[in-house]
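Spelled out from the first residue to the last, the chains are:
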Amino acid sequence: MPTVLREKGYCFSFYSYDLGEPMHVHVTKAGHEAKVWLSPIRAAWNEGFRQHEWREILAITEKHRSLIEQRWNERA
């Protein structure tokens, strides 16, 4: 699972077998995991993150969207 970035304890990464799906990133921290669609940025699913953490995840995703999209396209 290649890591795209780490910020505020969150790890943003891809699964190698996810290329058949729309562009997205997986986020993990402290045993919790979420999947964020990138176009538009929104929740695919969330397992364990609280609402304030979720807002922070979405803000970080938006801030680094270009980098995440670039890394996604490099894998294709």
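This text follows the structure it describes.
Student: So what's going on with the sheet that holds strand β5 (residues 41–47)? Residues and values would help.
Tutor: Judged by pairing direction, the sheet is antiparallel, and its five strands sit side by side in the order β1-β2-β3-β4-β5 without closing on themselves. The sheet is open, and its two borders are formed by β1 (3–7) and β5, each paired with just one other strand. Adjacent strand axes in the sheet meet at a mean angle of 20 degrees when their direction is disregarded. The sheet contact formed by β1 and strand β2 (residues 10–13) spans four bridges and is antiparallel. Bridge pairing in β2 links Thr 3 to Ser 13. Across the face of the sheet, helix α2 (residues 65–75) comes into contact with β1, β3 (24–29), β4 (32–38) and β5 while running at roughly 160 degrees to β1.

Student: Lay out the pairing of β3 in plain terms, naming residues and giving numbers.
Tutor: In this structure, β2 lies alongside β3, joined through three bridges in antiparallel fashion. Looking at the pairing, Phe 12 lines up with Val 27 of β3. Linking two consecutive strands that pair antiparallel, namely β3 and β4, is a turn of two residues; a positive phi of about 50 degrees is found at Ala 30 within it.

Student: Just give me the short version of unusual backbone geometry, but keep the residues and values in it.
Tutor: Cis geometry is found at the peptide bond from Ser 39 to Pro 40, where omega equals -5 degrees. Summarising the element assignment, Pro 40 is placed in the loop between β4 and β5. Of note, the phi angle at Lys 8 is positive, near 55 degrees, even though the residue is not glycine. Locating Lys 8 in the fold gives a position in the loop between β1 and β2. With phi around 50 degrees, Ala 30 is a residue other than glycine that occupies positive phi space. Looking at the element boundaries, Ala 30 is found in the loop between β3 and β4.

Student: Requested: an account of the environment of Gly 48, with residues and values cited.
Tutor: Among the secondary structure elements, Gly 48 is positioned in the loop between β5 and α1 (51–63). It is 8.1 Å that separates the C-alpha atoms of Gly 48 and Gly 31, two residues lying 17 residues apart in sequence. The residues touching Gly 48, leaving out its near neighbours within four places in the chain, are His 32 and Glu 53.

Thresholds, definitions, all that
- Residues numbered from 1 in each chain as written.
- Predicted model: local features only at pLDDT ≥ 70, side-chain atom pairs only at ≥ 80, totals over all residues.
- Heavy atoms only, no water.
- Pairing = 2+ DSSP bridges.
- Helix = DSSP H or I, 4+ residues; strand = E, 2+ residues; numbered from the N terminus.
- Axes fitted to C-alpha atoms, helices over the stretch in contact; angles between N-to-C directions.
- Contact = heavy atoms within 4.5 Å.

Any link to function would need more than the numbers given here.
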